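The primary structure of each chain is shown beneath.
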Amino acid sequence: MKTEGFIIEDDYDGAFRYYGRPIPCLQGLRSDGRVIYMSGFSQVLSPAIGVHYMILPAVLLPAYHHLKFHLFLECTASRLQQLALERFMKEGYVDRHLRKMRMLLRKKHDCLVASIQRYFGERAVISGCGAGFHLMLSILHPLSAHELQTRAEHAGIRVSAADYTRLQETRSLTATELRTFIVGFGGLLEEEIDEGIKRLASCWLSTW
């Protein structure tokens, strides 16, 4: 309140939490707070469904309606998809779909964690697990994150270095440092996950 600022809460994949109780959103903790909540159904149902939404704090509603009137803002989401989604929600299909997908994705999540522990052992650290469609894999390695990512690609494995997510000073890449990667599992079969981590460990650990 000191700066009259707002918090933008992007609940990208909050519906997929595999262990523990659901974490409440900031917007729901204080309905009169200065939180702009944003989410959508692309992750919940399908990327082809371009239906997204935001919940604005009451203080922003007058400005929103003013802009909507003067800028002729229109909803670009398909009316047919909105009506179908409304029916899916009212008749309970969305809830049933979420329960089913949580079970399937939890198995993949657990398979990924177990595979990393099996093939990397104590040479890797896992973080950011328990929810969503990916986790963070960190490893101490003398090669740079870019070099490790290139080696993974040559082995047919797609991982993304997490360097772009943080600010850091330019340092020498000759010393052994912690390299962190984003590893996804949502679109893979369990056997593909295990084989992929096996290949990843082989091409990374063989150079160290």
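For the structure, see preceding data.
Cut-off values and rules
- Residues numbered from 1 in each chain as written.
- Predicted model: local features only at pLDDT ≥ 70, side-chain atom pairs only at ≥ 80, totals over all residues.
- Heavy atoms only, no water.
- Pairing = 2+ DSSP bridges.
- Helix = DSSP H or I, 4+ residues; strand = E, 2+ residues; numbered from the N terminus.
- Axes fitted to C-alpha atoms, helices over the stretch in contact; angles between N-to-C directions.
- Buried < 20%, exposed > 50% of the residue type's maximum accessible area, 1.4 Å probe, protein only.
- Patch = residues over 30% accessible without salt bridge, like charges linked within 9 Å, V, L, I, M, F, W, Y side chains within 5 Å.
- Areas by Shrake-Rupley, 256 points an atom, 1.4 Å probe, with all protein chains shown as cover.
- Salt bridge = Lys/Arg side-chain N within 4 Å of Asp/Glu carboxyl O.
- Contact = heavy atoms within 4.5 Å.
- Lys, Arg positive; Asp, Glu negative; His and termini not counted.
- Charge placed at Lys NZ, Arg CZ, Asp CG, Glu CD.
- Expected span 1.5 Å × (residues − 1).
- Polar contact = N/O pair within 3.5 Å; in protein donor to acceptor, adjacent residues only side chain to side chain.
- Core = buried A, V, L, I, M, F, W, Y, C linked by side-chain atoms within 4.5 Å.
- Phe/Tyr/Trp six-rings, centres within 6.5 Å; stacked < 30°, edge-to-face > 60°.
- Lys NZ or Arg CZ within 6 Å of the ring centre and 35° of its normal.

### Concerning the sheet that holds strand S1 (residues 7-10)
- Pairing within the open sheet is mixed, and its 3 strands lie in the order S1-S2-S3. Two strands lie at the open edges of the sheet, namely S1 and strand S3 (52-55), each paired on one side alone. Strand-to-strand twist of the sheet, defined as the mean angle between neighbouring strand axes without regard to direction, takes the value 20°.

### Brief notes about the environment of Met 103
- Assignment of secondary structure puts Met 103 in helix H4 (residues 93-120).
- Judged by relative accessible area, Met 103 falls into the partly exposed class, the value being 49%.
- For the pair Met 103 and Phe 16, spaced 87 residues apart in the sequence, the C-alpha separation amounts to 9.6 Å.

### Some remarks on a nonpolar patch on the surface
- Residues Ile 8, Met 38, Met 54 and Tyr 64 make up a contiguous nonpolar surface patch of roughly 360 Å² in combined accessible area.
- The topology assignment puts Ile 8 in strand S1.
- What makes Ile 8 exposed here is its relative accessible area of 57%.

### What to know about the environment of His 109
- Here His 109 lies in helix H4.
- Assessed through its relative accessible area of 4%, His 109 is described here as buried.
- Each residue touching His 109, except ones within four places of it in the same chain, is listed here: Tyr 18, Tyr 19, Cys 129, Gly 130 and Phe 185.

### A short note on a negative patch on the surface
- Where like charges cluster on the molecular surface, the negative patch consists of Asp 110, Glu 190, Glu 191 and Glu 192.
- Residue contributions to the negative patch peak at 3 residues, all from helix H6 (residues 190-205).
- Along the chain, Glu 191 falls in helix H6.
- By relative accessible area, Glu 191 is classed as exposed at 55%.

### Observations concerning helix H3 (residues 79-90)
- Between its first and last C-alpha atoms H3 spans 17 Å; for 12 residues at 1.5 Å apiece the expected length is 16 Å, and the two agree.
- The backbone nitrogen of Leu 80 has a side-chain oxygen 3.3 Å away, supplied by the residue at the start of H3, namely Ser 78.
- Phi for Gly 92, located one or two positions after H3, is positive at around 85°.

### Details of the nonpolar core
- Formed by 38 residues in total, the largest nonpolar core has its most connected members in Phe 120, Leu 200 and Trp 204.
- Contributing elements (two or more residues each) for this core: H4, strand S5 (134-141), helix H5 (145-154), strand S7 (177-184) and H6.
- With 8 residues, H4 is the single largest residue contributor to this core.
- When neighbours within four sequence positions are excluded, Phe 120 is seen to be in contact with Leu 137, Ile 139, Ile 197, Leu 200, Ala 201, Trp 204 and Leu 205.

### Topic: H6
- Helix length check: H6, at 16 residues, gives a terminal C-alpha distance of 22 Å against a target of 22 Å (1.5 Å per residue), a fit within 8%.
- When we look at burial in H6, the residues that qualify are Ile 193, Gly 196, Ile 197, Leu 200, Ala 201, Cys 203, Trp 204 and Leu 205.
- Those residues of H6 that are buried lie in contact with H4, S5, H5 and S7.

### Brief notes about the packing of aromatic side chains
- Overall, the coordinates contain 6 aromatic pairs when judged by the stated rule.
- Measuring from ring centre to ring centre gives 5.0 Å for Phe 16 and Phe 133, while their planes differ by 55°; the resulting arrangement is tilted. Of this pair, Phe 16 sits in the loop between S1 and helix H1 (26-29) while Phe 133 sits in the loop between strand S4 (124-127) and S5, and the two are 117 residues apart along the sequence.
- Aromatic pair Phe 181 and Trp 204: ring centres 4.7 Å apart, planes at 40°, arrangement tilted. In this pair, Phe 181 is assigned in strand S7 and Trp 204 in helix H6, connecting sequence segments 23 residues apart.
- Of the residues examined, Trp 204 reaches a relative accessible area of 0% and is grouped as buried.
- Aromatic ring contacts, followed pair by pair, group Tyr 37, Phe 41 and Tyr 53 into a single cluster.
- Of note, Arg 34 hangs over the ring of Phe 6, and the distance from its end group to the ring centre comes to 4.1 Å.

Spatial relationships are all this shows, so hold off on functional conclusions.
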